[in-house]
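If you want the building blocks of each chain, they are given just below.
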Amino acid sequence: MYVPPKASYREVLNDAVQKGYAVGQFNLNGLEYLQAIVEVAEEERSPVILGVSVSSTKYFGLDYLVALANAAKLKAGVPIILHLDHGPDFDFIMKAIRAGFDSVMYDGSEHPLEENIAVTRQVVEAAHAAGVSVEGEIGRIGGTEDEVSVDEREAMLARVDEAERFAEETKIDAIAPAVGTAHGLYKGRPQIAFDRLEAIHKRTGKPIVLHGGSGVPDEDIRQAIALGVGKINVNTESQAEFTRVVRKVLAEKPDVFDSRKYLGPAREAIKEVIRKKIRLFGSHHRF
Ligand code: 13P
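Here we summarise the structure given alongside this text. (Residues numbered from 1 in each chain as written. Predicted model: local features only at pLDDT ≥ 70, side-chain atom pairs only at ≥ 80, totals over all residues. Heavy atoms only, no water.)

## Let's talk about the overall build of the protein chain
Scanning the protein chain from terminus to terminus reveals 12 helices and eight strands. Summarising its shape, the C-alpha atoms of the protein chain cover approximately 60 × 45 × 35 Å along the three principal directions. Expressed as a percentage of its 287 residues, the buried residues of the protein chain come to 56%. Long-range contacts, defined here as pairs at least 24 residues apart, represent 74% of the contacts in the protein chain between residues at least 6 apart. (Helix = DSSP H or I, 4+ residues; strand = E, 2+ residues; numbered from the N terminus. Buried < 20%, exposed > 50% of the residue type's maximum accessible area, 1.4 Å probe, protein only. Contact = heavy atoms within 4.5 Å.)

Structure, rendered in structure tokens:
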């Protein structure tokens, strides 16, 4: 059974950019995460995107993830969009679409531009035929900040002319350009290339997706949204809070063995992380 979201990825992102807010992508790392994300989305009347990494599809199974998302979609009055994050190749992405994902990201950023364009275009043709939206990536978004030199950093950033060609030739619905953010925890303040972000949005006309949203200062988030970011991915901050609370409960009550006794408080705690992001992104009271 496929349950469509109340509005598609493409519709939600276009609405966001038009009205000057961004929709949050929060990772689906288990049932407690799903419940926290969906409860807050309902309370805040906000659309949300459930991000699923490839490693999570392997850990949980595509069928369980789709069934969980369907249950949430049927229950919620706001758009709940099931999204494959960093899809590695055409075949894997087709499996996710057949299983019932609403939108997919193809990450061809490690390949030469020509190849990235060719595969992304192929994914878009097949996905759009099935009513599924597509996010493409250009430039290289770092795994962690590490000790990246200025030259290396510059080489990783997306180029405006390449982004323009990429968007035009692939017909993607949203573009995730490397603009200086990274997945995971930052050692210092991330250096976001705002001028490039703005130019890529203007030249492509596409909603911009900001990966590595954890740890980015609030004022940088607001500026990025003002320049064309319509979707922001957050995972590490929720995971860190979830695990902090599990550790705290187990340390305070070493005799606990009922897993609901530590997973429940963790679920409550990440609701506040998600709520803060939704309000910062301005996606509340939209549906
Ligand atoms: P963080 O884990 O740094 O928030 O990044 C999430 C992300 O970009 C997933 O694609």
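Having seen it, we continue.
## With respect to the packing of aromatic side chains
For any pair of aromatic rings, the description rests on two quantities: the centre-to-centre distance and the angle between the ring planes. Under the defined criterion, the tally for this structure stands at two aromatic pairs. A ring pair is formed by Tyr33 and Phe242, whose centres lie 4.6 Å apart and whose planes are at 20°; its orientation type is stacked. With Tyr33 in helix H2 (residues 31-44) and Phe242 in helix H11 (residues 236-252), this residue pair connects regions lying 209 residues apart in the sequence. Accessibility assignment for this pair places Tyr33 and Phe242 in one class, buried. Taking 4.7 Å as the distance between ring centres and 85° as the angle between the ring planes, the aromatic pair formed by Tyr59 and Phe60 counts as edge-to-face. Look at Phe60 and you get partly exposed, because its relative accessible area is 24%. (Phe/Tyr/Trp six-rings, centres within 6.5 Å; stacked < 30°, edge-to-face > 60°.)

## Side note on the environment of Leu157
Tracing the sequence through the fold places Leu157 in the loop between helix H7 (150-156) and helix H8 (160-170). Separated by 98 residues in the primary sequence, Leu157 and Tyr59 place their C-alpha atoms 31 Å from one another. Not counting the four nearest positions on each side in its chain, Leu157 is found in contact with Gly139, Ala178, Val179, Gly180, Ala193 and Arg196.

## Brief notes about the nonpolar core
In terms of nonpolar packing, the biggest core is built from 75 residues, with Ile232 and Phe281 touching the most fellow members. For Ile232, the residues in contact, after removing those within four places along its chain, are Ala22, Val23, Gly24, Gln25, Leu210, Gly213, Ile221, Ile225 and Phe281. Of all hydrophobic cores here, the second largest spans 11 residues; its members include Ala7, Tyr9, Leu13 and Met105. (Core = buried A, V, L, I, M, F, W, Y, C linked by side-chain atoms within 4.5 Å.)

## Overview of the site of the ligand
Within the structure, the ligand sits among 13 residues, and Asp85, Gly212, Ser214, Asn235 and Thr236 are positioned closest to it. Residue His86 places a side-chain N or O atom 3.5 Å away from an oxygen atom belonging to the ligand. In isolation the ligand has 300 Å² of accessible area, and contact with the protein removes 95% of it. By residue class, the composition of the shell around the ligand is two nonpolar, 10 polar and one charged. (Near = heavy atom within 4 Å. Polar contact = N/O pair within 3.5 Å; in protein donor to acceptor, adjacent residues only side chain to side chain. Areas by Shrake-Rupley, 256 points an atom, 1.4 Å probe, with all protein chains shown as cover. Nonpolar A, V, L, I, M, F, W, Y, C, P; charged D, E, K, R; others polar.)

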